[in-house]
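Overview (structure and organization)
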Amino acid sequence: MNEQRSSAPIPGYQFASDNTAGICPEALATLVEANVGAAASYGDDQYTALVADRLREIFECECEVFFVFNGTAANSLAISACCQSYHSVICSDVAHLETDECGGPEFFSGGAKVLVSETCQGKLLPESVERLITRRLDIHHPKPRVLSLTQPTEMGTLYSLEELRALADTARRFGMRVHMDGARLANAIAALGRPPAEVTWQAGVDVLCLGGAKMGLPLGEAVVFFDRELASDFEYRCKQAGQLASKMRFLTAPWLGMLKDSAWLRHAAQANRMAQRLSRGLEQMAGVRLLYPTEVNAVFALLPPECHRQLAARGWRYYTFIGQGAARFMCSWATTEEEVDALLADVQSSDARLPAVRTSVRSQTD
Ligand SMILES: Cc1ncc(COP(=O)(O)O)c(C=O)c1O
């Protein structure tokens, strides 16, 4: 085994998640700007109002906007705003809402049941969703109320606009609402190159959880209600759940810098480009197999076990518990070409190789 370093040492956590990156300069600048003098608390400050207005401009919609500390709270509270305790929420079998929120959506909705539908490359299919809805429509089963979509998916794949509309139409036909987990929506918008309105409410989304932390804010997500009726009393839900920040300006001011001059989309495009670079590099290696098409900022790759050991020894950090034991390399706004190339060099220099013949993911999806 080649134990020689092929690249300079790099501190850990580079590819574990996009939330391991620091605060992007634009967000940091407005955070510092907000740290002057006193300001009204609990969201009555000028920064919070400005950011909400800015989001209304960006989404071209008179939506209701709220800010919470994290994605679990955003999803759980958004779902609770749509559901009664006897309702069900349909999502993918890999949805963060199902696998990683500790039952938050069920808890905050007072018992709504999460039902999982099968997926193809992380994406829900209208026919499977319809089968799940119509499997039981009697009084003894929870009433389907919300279809929850993650855009981009947990597998780093993207719903096209047509796919989004088809899913939303299916939900509508059964009187259901559409929730979008947009923890990485910036990456999706940058990749699709379509206006934010088209990718959300114009495609049928009623409530969006818009990720902030992963795109380069210090923390925080926005809950955006395109259907304003669903937002009724939402501020009480936030308060009761411990999600109403007293010093709200520090949660919201970073959004101002991030949203100005499309910095959020520039950073997202950079993360997507780095994922493409990594994906192209890995694809060339005989022992490596990509699991999903690289459509945003995540790359899922099956690597030889020995390769994992060597990469860990060299300080590389990434997750292996998502997506069939594959390595998930997540790029962020801060990921550089040098980091990607150093990782590729270290994968290349590990002697181990998968015995299987290399398969191109792109050809699998044709
Ligand atoms: C798809 C998705 N939704 C939501 C979240 C937000 O989770 P958190 O509560 O950790 O902010 C994440 C974070 O990993 C995610 O990947």
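Preceding this paragraph is the structure being described.
This report concerns the structure included in the present document. (Residues numbered from 1 in each chain as written. Predicted model: local features only at pLDDT ≥ 70, side-chain atom pairs only at ≥ 80, totals over all residues. Heavy atoms only, no water.)

**Some points on the pattern of salt bridges**
- Enumeration over the complete set of coordinates arrives at 16 salt bridges.
- The salt bridge involving Asp53 is made with Arg56; its shortest N-O contact spans 3.1 Å. A residue pair is termed a helical-turn pair when its members lie 3 or 4 positions apart in one helix, as Asp53 and Arg56 do in helix 2 (residues 46-58) at three residues.
- Given the relative accessible area of 19%, Arg56 is considered buried.
- Among the salt bridges present, the one from Arg173 reaches Glu130, with a minimum N-O distance of 2.8 Å. Linking Arg173 in helix 7 (residues 161-173) with Glu130 in helix 6 (residues 126-135), this pair joins segments that are 43 residues apart in sequence.
- Owing to a relative accessible area of 27%, Glu130 belongs among the partly exposed residues under this scheme.
- A network of salt bridges, in which partner residues are shared, links Arg277, Glu337 and Asp341. (Salt bridge = Lys/Arg side-chain N within 4 Å of Asp/Glu carboxyl O. Helix = DSSP H or I, 4+ residues; strand = E, 2+ residues; numbered from the N terminus. Buried < 20%, exposed > 50% of the residue type's maximum accessible area, 1.4 Å probe, protein only.)

**Topic: the sheet that holds strand 10 (residues 289-290)**
- What the three strands build is an open sheet, ordered 10-11-12; its pairing is antiparallel. Of all the strands in the sheet, just strand 10 and strand 12 (327-330) have a single pairing partner and so form its edges.
- Bridge count for strand 10 against strand 11 (residues 298-302) is two bridges, and the pairing is antiparallel. The partner of Leu290 across the bridge, within strand 11, is Ala301.
- Against the sheet, helix 12 (residues 263-283) contacts strand 10, strand 11 and strand 12, and its axis sits at roughly 20° relative to strand 11. (Pairing = 2+ DSSP bridges. Contact = heavy atoms within 4.5 Å. Axes fitted to C-alpha atoms, helices over the stretch in contact; angles between N-to-C directions.)

**Section: the nonpolar core**
- Counting 57 residues, the largest nonpolar core has Leu55, Phe67, Leu147, Leu185, Leu208 and Trp255 as the members making the most contacts within it.
- For this core, the leading source of residues is helix 11 (residues 248-259), giving seven residues.
- In terms of nonpolar packing, the next biggest core, distinct from the first, is built from 25 residues, Ala78, Ile79, Ala112 and Val207 among them. (Core = buried A, V, L, I, M, F, W, Y, C linked by side-chain atoms within 4.5 Å.)

**With respect to the sheet that holds strand 1 (residues 64-68)**
- A sheet is described by the order of its strands in space; here seven strands give the open sequence 1-9-8-7-6-2-3, paired in mixed fashion. The sheet is open, and its two borders are formed by strand 1 and strand 3 (113-117), each paired with just one other strand. The average angle at which neighbouring strand axes cross in this sheet is 20°, direction not considered.
- Bridge analysis of strand 8 (residues 207-211) against strand 9 (residues 221-225) gives five bridges, and the strand direction is antiparallel.

**Points about the packing of aromatic side chains**
- The final tally for this structure, using the stated rule, is ten aromatic pairs.
- With a centroid separation of 6.2 Å and 90° between ring planes, the pair formed by Phe15 and Phe329 is classed as edge-to-face. Note that Phe15 is positioned in the segment before helix 1 (25-34) and Phe329 in strand 12, a separation of 314 residues in sequence. An identical accessibility class is assigned to Phe15 and Phe329; each is buried.
- One aromatic cluster in this structure is built from Phe15, Trp316, Tyr318 and Phe329. (Phe/Tyr/Trp six-rings, centres within 6.5 Å; stacked < 30°, edge-to-face > 60°.)

**Overview of unusual backbone geometry**
- Here the amide bond leading from Gln151 into Pro152 is cis, since omega sits at -5°, within 30 degrees of zero.
- Mapped onto the elements of the fold, Pro152 is located in the loop between strand 6 (143-150) and helix 7.
- You will see that Cys102, though not glycine, has its phi angle at about 55°, which is positive.
- If you trace the backbone, Cys102 turns up in the loop between helix 4 (96-99) and helix 5 (104-108).
- Using a relative accessible area of 84% as the deciding quantity, one classes Cys102 as exposed.
- Of note, Asp233 is a non-glycine position whose phi angle comes to about 65°, a positive value.
- Mapped onto the secondary structure, Asp233 falls in the loop between strand 9 and helix 10 (234-240).

**A short note on the site of the ligand**
- With respect to spatial proximity, the complete set of residues near the ligand consists of Asn70, Gly71, Thr72, Asn75, His96, Thr150, Glu154, Asp181, Ala183, Arg184 and Lys214.
- At a separation of 2.9 Å, an oxygen atom of the ligand approaches a polar backbone atom of Gly71.
- Within the side chain of Arg184, one N or O atom sits 3.2 Å away from an oxygen atom of the ligand.
- Contact with the protein chains removes 79% of the 390 Å² of surface that the ligand exposes when unbound.
- Looking at the shell around the ligand, the element that brings in the most residues is helix 3 (residues 71-82), giving three residues.
- Of the residues belonging to the shell around the ligand, the class tally is one nonpolar, six polar and four charged. (Near = heavy atom within 4 Å. Polar contact = N/O pair within 3.5 Å; in protein donor to acceptor, adjacent residues only side chain to side chain. Areas by Shrake-Rupley, 256 points an atom, 1.4 Å probe, with all protein chains shown as cover. Nonpolar A, V, L, I, M, F, W, Y, C, P; charged D, E, K, R; others polar.)

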